[in-house]
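# Report on the structure
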Amino acid sequence: MVLKVFFPSCCSSADSGILIGRWISEQSSAVILAVVHFPFIPVQVKQYLGEVQRVTKVSVSVLGSWSNSKQEKEESLSEFLEDLGTIFCHDPWIQISKEGDSKFWSCSTLQKHSKNPQEEEIILVYYDQRKVMLSHLHPPLDTAGQGAEDASKLSAIFDTVARSQVLFMTDRYDEGPIKLTHWQSDGVEASIIVELLKQASVPACMLLTFLLSLLSGICRSRMLKFWPLSFLWSKLSTCEQLRHRLQHLQVISSNKKAQNQNQLMRKANIFVSLLIDVALGILLMSWLYRKNRIGHLADTLIPVADHVAEELQDLLQWLMGAPAGLKMNRALDQVLGRFFLYHIHLWISYIHLLSPFIEMILWYVGLSACLGLTVALCILSDIIALLTFHIYCFYVYGARLYCLKIYGLSSLWRLFRGKKWNVLRQRVDSCSYDLDQLFIGTLLFTILLFLLPTTALYYLVFTLLRLLVVIVQGLIHLLVDLIDSLPLYSLILRLCRSYRLAAGVKFRVLEQQDGKPLRLLMQINPLSYRGVVQTYRLPTYSCYPRDSWASLCKKLFLGELIYPWKHKGDKQN
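Quick caveat: nothing in here was measured; it's all calculated off a predicted structure.

## Quick word on the UniProt feature "transmembrane region" (unreviewed entry) in the protein
According to UniProt, the positions carrying the feature "transmembrane region" (unreviewed entry) are residues 200-219, 270-289, 335-354, 361-388, 394-416, 437-461 and 467-492. Summarising residues 335-354: 100% helix, 0% strand, and an end-to-end C-alpha distance of 29 Å. Taken end to end, residues 361-388 is 79% helix and 0% strand, and its two terminal C-alpha atoms sit 17 Å from one another.

Below is the structure:
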């Protein structure tokens, strides 16, 4: 039979005394929680353990004796410690002693109440009580009783340490009849700043909750549900980001206590993400308002817009000629070219009409960076969308015209084969056509087929321009999603205190010698950085259409519209 004794490494230098902990009979394991020093009164020890057991619901008892022979030189000490087994009546009675300056430890058991005492093989496992307490490898406290019933799991050891938190609230400075040694015996681990913040957070959260509820009521008002406010609120990425951050603030300011570790980490990650986002936004705002950078940006914006318009005009002039030596339908080519040139002329007039107000608009937009870097990036994405609205219009016109011809050709091709599309049953059925229908269908098919290359060329050029804008906006939104979803607090915790994000345990052999107990060191395996990101990643408000290449090529071929992002509730055409 193998007896496993889990001994806290913080008690290695403790004075001689008795070992208190929990005995798990199903595992033949003893979890040592603390050492009670001499002198003590056994009745007071039993009363104290009874109070601890009543509060923690853990069967804490005296498991054996601890002798530090380096500090205690009396020869009768070992006999006295043996006699304590008759007072506290635990079977087996564990005796652990340190042999002077030697690195070896002796661990033995006494079975006074057993009729057939057997020699047991002992494994002495050292564990860091602080890391085990804070590792959260134990089951939640509200279900700890159910998890502890499964004796085959190592979580019973972690559960015992976690539920015995009351035992660790006393240190050596307490004026009590019992002196204990545990991981907080030199002083209870706490911070005055943290306690003050906890006290100050209650009224701050109440005020923030009231303000957020008022703001949420305004956002849910009927005024925002009328067109065009409802359209702008659902399409502008700035409004979506503000709504997302508003939900984050509601989560943080909630007075509900986190039920488990995941909820606590989610709140902490959101709080740190908000702090870093606002800090980066303030840095960006301070950089923008230095050395009149906003004025220089406004002076540069109009020439850039004019240059883009001139390049588009040159591109259209090239398409209205013989692009790459291709023979185009001249009439349709001239109509489409003049139509798009007129839109560019309108766009240039619109830009020059707004030019006196550009600097003022940018000045007020720069103030929004105090709400966070993500808000500033979303405003940049919306500005790009507004400045390239003419390219979007060109793309929509070309896509609709190309799509109309593709579907017209496919329908007329079914006419040649004696087929038609059944709208009710959503399938292709056979159909008989007369001579007039076939003649008109042949004429229309020929016209659409010969006009298709001209339309396809305009569609291809404007699709490439649209994809360029979509890529720029997609990169901006990926950066926003990275800031919103990255669990920064968990990553910092993994870097500084990796045991707080534990994935399991491992054992390292410290000492193995014949006649001596096997000494192991239980170490906590932290989560990998990739595992931390996957486990505690925060949800984002936008979901990019992750289509396959085949699906994307199919959409481009059929002329379906491609959006830079798709918000929840939106449907792509």
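## A few points about the packing of aromatic side chains
Under the criterion given, the structure shown has 16 aromatic pairs. Each ring, one from Trp347 and one from Tyr350, has its centre 5.2 Å from the other, and the planes form 40 degrees; the classification is tilted. Here Trp347 pairs with Tyr350, and both are found in helix α11 (residues 330-354), just 3 residues apart, close to one helical turn. Its relative accessible area of 10% is what places Trp347 among the buried residues.

## Side note on helix α5 (residues 155-163)
When you tally the buried positions in α5, you get 9 out of 9 residues, the bulk of the element. All of the buried residues in α5 are Ser155, Ala156, Ile157, Phe158, Asp159, Thr160, Val161, Ala162 and Arg163.

## Remarks on the pairing of strand β1 (residues 2-8)
Among the 7 residues that make up β1, 5 are buried, leaving the element largely enclosed by the rest of the structure. The pairing of β1 with strand β3 (residues 29-37) spans 3 bridges and is parallel. Across the sheet, the residue bridging to Val5 is Ala30, located in β3.

## With respect to the nonpolar core
Of all hydrophobic cores here, the largest spans 34 residues; its most connected members are Val45 and Leu167. Taken together, the elements giving at least two residues each to this core come down to β2 (17-24), β3, α1 (42-56), β4 (60-68), β7 (121-127), α3 (129-134), α5 and β12 (518-526). Contact partners of Leu167, with chain neighbours within four places excluded, come to Ile20, Leu33, Ala34, Tyr48, Val52, Leu180 and His182. By size, the runner-up hydrophobic cluster in this structure holds 19 residues, among which are Phe7, Ala14, Leu63 and Cys107.

## Observations regarding a nonpolar patch on the surface
Together, Phe357, Met360, Ile361, Trp363, Tyr364 and Leu367 line one region of the surface with nonpolar side chains, adding up to about 600 Å² of accessible area. As for its position among the elements, Leu367 is in helix α12 (residues 358-367).

## So, the side chain of Thr374
Considering the arrangement of structural elements, one finds Thr374 in helix α13 (residues 373-387). Judged by its relative accessible area of 0%, Thr374 falls in the buried class. Among the polar contacts listed, one links the side chain of Thr374 to the side chain of Asp277, at a separation of 2.7 Å. For Thr374, the contacting residues outside a window of four places in its chain are Gln241, Arg245, Asp277, Val480, Ile483 and Asp484.

## With respect to the packing of helix α8 (residues 237-253) against α13
Where α8 contacts α13, the axes come no closer than 8 Å and their chain directions differ by 160 degrees. For the element pair α8 / α13, the angle class is roughly antiparallel. At the point where α8 passes α13, the crossing takes the right-handed sense. Contacts from Ser237, Thr238, Gln241, Leu242 and Arg245 in α8 reach Thr374, Val375, Cys378, Ile379, Ser381 and Asp382 in α13. Residues of the contact of α8 with α13, tallied by class, amount to 4 nonpolar, 5 polar and 2 charged.

## Here we look at the pattern of salt bridges
As enumerated under the stated definition, the model contains 4 salt bridges in all. Across the pair Glu240 and Arg243 runs a salt bridge, and its minimum N-O distance is 3.6 Å. Within this pair, Glu240 and its partner Arg243 are both found in helix α8, separated by 3 residues, close to a single helical turn. Here Glu240 falls in the buried class, since its relative accessible area comes to 8%. Look at Arg243 and you get partly exposed, because its relative accessible area is 29%.

## Quick word on the confidence of the model for the protein
Per-chain confidence: the protein averages 78 in pLDDT, with 77% of residues scoring 70 or above. Contacts from residues 140-152, a stretch scored under 50 in pLDDT, to residues over four places away or in other chains number 13 contacts. Low pLDDT (under 50) marks residues 565-573, which in the prediction has 26 contacts with non-local residues, meaning those over four places away or in another chain.

Thresholds, definitions, all that
Residues numbered from 1 in each chain as written. Predicted model: local features only at pLDDT ≥ 70, side-chain atom pairs only at ≥ 80, totals over all residues. Heavy atoms only, no water. UniProt positions renumbered as here; feature names shortened; annotations may be inferred. Helix = DSSP H or I, 4+ residues; strand = E, 2+ residues; numbered from the N terminus. Phe/Tyr/Trp six-rings, centres within 6.5 Å; stacked < 30°, edge-to-face > 60°. Buried < 20%, exposed > 50% of the residue type's maximum accessible area, 1.4 Å probe, protein only. Pairing = 2+ DSSP bridges. Core = buried A, V, L, I, M, F, W, Y, C linked by side-chain atoms within 4.5 Å. Contact = heavy atoms within 4.5 Å. Patch = residues over 30% accessible without salt bridge, like charges linked within 9 Å, V, L, I, M, F, W, Y side chains within 5 Å. Areas by Shrake-Rupley, 256 points an atom, 1.4 Å probe, with all protein chains shown as cover. Salt bridge = Lys/Arg side-chain N within 4 Å of Asp/Glu carboxyl O. Polar contact = N/O pair within 3.5 Å; in protein donor to acceptor, adjacent residues only side chain to side chain. Axes fitted to C-alpha atoms, helices over the stretch in contact; angles between N-to-C directions. Parallel < 35°, antiparallel > 145°, perpendicular 65-115°, else oblique. Left-handed = near helix turned anticlockwise from the far one by under 90°. Nonpolar A, V, L, I, M, F, W, Y, C, P; charged D, E, K, R; others polar. pLDDT = per-residue confidence, 0-100.

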